[in-house]
Amino acid sequence: MSSSPAMSPQLSTMQSGLLLVLTLLGMASALPPGTLEVPAGREEGSRRCFMVVKALCTYKGAQVRGMGRSAGCQCQASTCVPQSYCQDIYKGQLPSVHSTATNKQLRKLAATYTYCNLWIRGVTRCKGGSWKTSWEDLSPWNYAKWASRQPCRWFRTCTVFNPKDGLWRSRACFLLHPFLCQY
């Protein structure tokens, strides 16, 4: 005849806590701890490659340069600058998207690793009394894939790419998001 020991309330609470932690870990990335980057994808018919960088960073100050690899990999909200990271690590930049094919490829690549919104290089601002969205690399604005009621035209915003639906949304530039690099 087997008997099981009576479960103490402490043990039951600890098991519940462990179960919660394991559940939350299951929702986290499958990448090894400390991994910020994921394998690159190459644009079809082009030499451009794209990388998903999972560090949470603001867009603000994205034109500041000079951040080395170790600083970029230790992204803190106050120090991580996506554009500098892309420039310093990949000799690239946040991507500007100019076609449906590129947008689809970015969606496929990004959705493999995250469902978080990712910074891309578009900025919406009021210039000369009218609102305009442009690529910060000064390439032509010849394609857009905005979600409904986007872009926001109340204040200067930066653009995020959503891997779930491939649509773009305006977000305050001080928010934290992972980002894409093009190189």
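Residues numbered from 1 in each chain as written. Predicted model: local features only at pLDDT ≥ 70, side-chain atom pairs only at ≥ 80, totals over all residues. Heavy atoms only, no water.

Student: Would you take a moment to explain the overall build of the protein for this structure?
Tutor: The secondary structure content of the protein amounts to four helices and seven strands. A buried classification covers 43% of the 183 residues belonging to the protein. Considering only intrachain contacts with a sequence separation of at least 6, the fraction spanning at least 24 residues in the protein is 61%. Surface exposure of the protein reaches about 10800 Å², of which carbon and sulfur atoms provide 59%. (Helix = DSSP H or I, 4+ residues; strand = E, 2+ residues; numbered from the N terminus. Buried < 20%, exposed > 50% of the residue type's maximum accessible area, 1.4 Å probe, protein only. Contact = heavy atoms within 4.5 Å. Areas by Shrake-Rupley, 256 points an atom, 1.4 Å probe, with all protein chains shown as cover.)

Student: Can you help me understand unusual backbone geometry in this one?
Tutor: Backbone phi values are negative for most residues with the exception of glycine, while trans is the configuration of most peptide bonds. Looking along the chain, the bond that leaves Gln-150 and enters Pro-151 is cis, with omega of 0°. Residue placement: Pro-151 occurs in the loop between β4 (130-135) and β5 (157-161). Positioned with a positive phi, Arg-149 is a non-glycine residue whose angle comes to about 60°. Assignment of secondary structure puts Arg-149 in the loop between β4 and β5.

Student: What exactly am I supposed to notice about the pairing of strand β2 (residues 49-57) here?
Tutor: Sheet faces and side chains relate simply in a regular strand, where the side chains alternate between the two faces. In terms of burial, β2 is largely enclosed, as eight of its nine residues are buried. Sheet topology note: the β2/strand β7 (residues 177-182) ladder contains five bridges and is antiparallel. Residue pairing in the sheet places Cys-57 in a bridge with His-177 of β7. (Pairing = 2+ DSSP bridges.)

Student: Sorry, what's going on with the state of the cysteines here?
Tutor: Cysteine pairs can be linked by a disulfide, which is a covalent bond between their two sulfur atoms. A full pass over the atoms with the stated rule returns two disulfides. One disulfide bridge connects Cys-86 with Cys-181, the sulfur atoms lying 2.0 Å from each other. An S-S torsion of about -85° defines the bridge between Cys-86 and Cys-181 as left-handed. Of the two residues, Cys-86 is situated in helix α3 (residues 82-90) and Cys-181 in strand β7; the sequence distance between them amounts to 95 residues. (Disulfide = S-S within 2.5 Å.)

Student: It is not clear to me how the confidence of the model for the protein should be interpreted in this structure. Could you clarify?
Tutor: Note: predicted coordinates in regions of low pLDDT should not be interpreted at a detailed level. Per-residue pLDDT for the protein has a mean of 73; in total, 62% of the residues score no lower than 70. Element-level mean pLDDT values for the protein span from 30 in helix α2 (residues 69-73) up to 96 in strand β6 (residues 168-171). Here residues 18-39 is modelled with pLDDT under 50, and outside its nearest four sequence neighbours on either side it reaches 25 contacts, counting other chains as well. Low pLDDT, under 50, characterises residues 61-78; the predicted model gives this stretch 33 contacts beyond four residues in sequence or across chains. (pLDDT = per-residue confidence, 0-100.)

Student: I'm lost on the packing of aromatic side chains in this one. Help?
Tutor: With the rule as written, the count across this model stands at seven aromatic pairs. Ring geometry for Trp-141 and Trp-168: centres 5.8 Å apart, planes at 75°, overall edge-to-face. Taken as a pair, Trp-141 in the loop between β4 and β5 and Trp-168 in strand β6 lie far apart in primary sequence, 27 residues in all. The partly exposed category is assigned to Trp-141, whose relative accessible area is 31%. Each member of the aromatic cluster is reached from another via a ring pair, and the members are Trp-135, Trp-141, Tyr-143, Trp-146 and Trp-168. (Phe/Tyr/Trp six-rings, centres within 6.5 Å; stacked < 30°, edge-to-face > 60°.)

Student: How should I be thinking about the nonpolar core in this particular structure?
Tutor: One broad trend across soluble globular proteins is that nonpolar side chains are buried collectively. Counting residues in each nonpolar core, the largest one holds 17 residues, and the members touching the most others are Val-53, Tyr-59, Tyr-85, Phe-179 and Cys-181. Among the elements of the structure, β2, α3, β3 (118-127), β5 and β7 are those that each provide at least two residues to this core. In terms of nonpolar packing, the next biggest core, distinct from the first, is built from 14 residues, Phe-50, Leu-106, Trp-135 and Leu-180 among them. (Core = buried A, V, L, I, M, F, W, Y, C linked by side-chain atoms within 4.5 Å.)

Student: I would appreciate a short explanation of helix α4 (residues 100-113) in the present structure.
Tutor: Since one α-helical turn is 3.6 residues long, residues separated by three or four positions face the same way. The first and last C-alpha atoms of α4 sit 20 Å apart over 14 residues, in line with the 20 Å expected at 1.5 Å per residue. All buried positions along α4 are accounted for by Thr-102, Asn-103, Gln-105, Leu-106, Leu-109 and Ala-110. Buried residues of α4, viewed axially, fall in a sector of 160°; they line one side. Of the exposed residues in α4, the ones pointing more than 90 degrees away from its buried face are Ala-101, Lys-104, Lys-108 and Thr-112. (Expected span 1.5 Å × (residues − 1). Arc of directions from axis to C-beta.)

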